[in-house]
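Read off the chains here:
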Amino acid sequence: MNAQNMSILTLVLHASWVVQLVMLLLLGVSIASWGTIFRKLITVRRVKALNEDFEREFWSGTSLNDLYASAAQNARQGGPMERIFASGMREYQKLRERRISDPGTLLDGARRAMRASLQREMDVIESGLSLLASVGSVSPYVGLFGTVWGIMHAFTGFAGMEQVTLATVAPGIAEALVATAIGLFAAIPAVLAYNRFAHDIDRVTLQQETFIEEFSNILQRNLGAPAPSAATSASGR
């Protein structure tokens, strides 16, 4: 290969097998990263929309029992907030069926159930973030390894030459630098996506934690009233 024929494809095809292996690895990682980005984008948007829909319904005046019945039927199609609410109501009703009347016990049981459900939901929402973090932090170094190896390979080839010019050196160095470029191509979108999703997920977590506190306050008021009933409507919350 000469200096006049240095397209990206030509550089990749003429690189050493180690550099080509590094490029192939980075390309595969980049494809996996973009797949995760698109999947998380759809997931986070869906979670936000479902949570907003349920929160709107929760404060619309529908009774807690009706909301719970709807949440139980739509457990798979509902959003995280709806499932958190269902977990709290389920535990609350189980404790009431056991004729436990102590308000503190009822409230603590419902709150623990909602906290456990929150943790499960966040584990699902956060899945894939570790891949983006790993790609963003490791890919540049993998590309740098390919570049260093390619430069070493290029200079080894110059050892037997009596005269080395820039035109002779340029193709080998360019082949090696392609690995770094591919590493950055894989890392930069992963870092940007990770930061965006981490921010969005933090807001979703805060929204759900706020809902748990608000629902706990509603249960506490109901338990403090005469003849408490879980069927209290949202108009009285």
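The coordinates are above.
None of the values given here were measured: they were computed from a predicted structure.

Q: It is not clear to me how the packing of aromatic side chains should be interpreted in this structure. Could you clarify?
A: Two aromatic rings, taken as a pair, are described by how far apart their centres are and by the angle between their planes. Scanning the entire structure with this criterion turns up 11 aromatic pairs. Between Phe54 and Phe85, the ring centres sit 5.5 Å apart and the planes meet at 50 degrees, which makes this aromatic pair tilted. In this pair, Phe54 is assigned in helix α2 (residues 17–58) and Phe85 in helix α4 (residues 80–97), connecting sequence segments 31 residues apart. Just as Phe54 is buried, Phe85 falls in that class too. A centroid spacing of 6.0 Å and a plane angle of 85 degrees characterise the contact between Phe58 and Phe215, whose relative ring orientation is edge-to-face. Highlighted residues: Phe58 in helix α2 and Phe215 in helix α7 (residues 166–224), separated in sequence by 157 residues. Of the aromatic side chains, those joined through ring pairs into one cluster are Phe54, Phe58, Trp59, Phe85, Phe211 and Phe215.

Q: Sorry if this is basic, but what is going on with the packing of α4 against helix α5 (residues 103–125) here?
A: Relative placement of two packed helices is described by the angle separating their axes and the distance separating the axes. At a closest axis distance of 8 Å, the pairing of α4 and α5 adopts a crossing angle of 150 degrees. Taken together, the axis directions place α4 and α5 in an arrangement best described as roughly antiparallel. Relative to α5, the crossing made by α4 is right-handed. Each of Pro80, Arg83, Ile84, Ser87, Gly88, Glu91, Tyr92, Leu95 and Arg96 in α4 lies in contact with α5, whose residues at this interface are Thr105, Leu106, Gly109, Ala110, Ala113, Met114, Ser117, Leu118, Arg120, Glu121 and Ile125. When the residues that make up the contact of α4 with α5 are grouped by side-chain class, the tally is 10 nonpolar, 5 polar and 5 charged.

About the criteria used
- Residues numbered from 1 in each chain as written.
- Predicted model: local features only at pLDDT ≥ 70, side-chain atom pairs only at ≥ 80, totals over all residues.
- Heavy atoms only, no water.
- Phe/Tyr/Trp six-rings, centres within 6.5 Å; stacked < 30°, edge-to-face > 60°.
- Helix = DSSP H or I, 4+ residues; strand = E, 2+ residues; numbered from the N terminus.
- Buried < 20%, exposed > 50% of the residue type's maximum accessible area, 1.4 Å probe, protein only.
- Axes fitted to C-alpha atoms, helices over the stretch in contact; angles between N-to-C directions.
- Parallel < 35°, antiparallel > 145°, perpendicular 65-115°, else oblique.
- Left-handed = near helix turned anticlockwise from the far one by under 90°.
- Contact = heavy atoms within 4.5 Å.
- Nonpolar A, V, L, I, M, F, W, Y, C, P; charged D, E, K, R; others polar.

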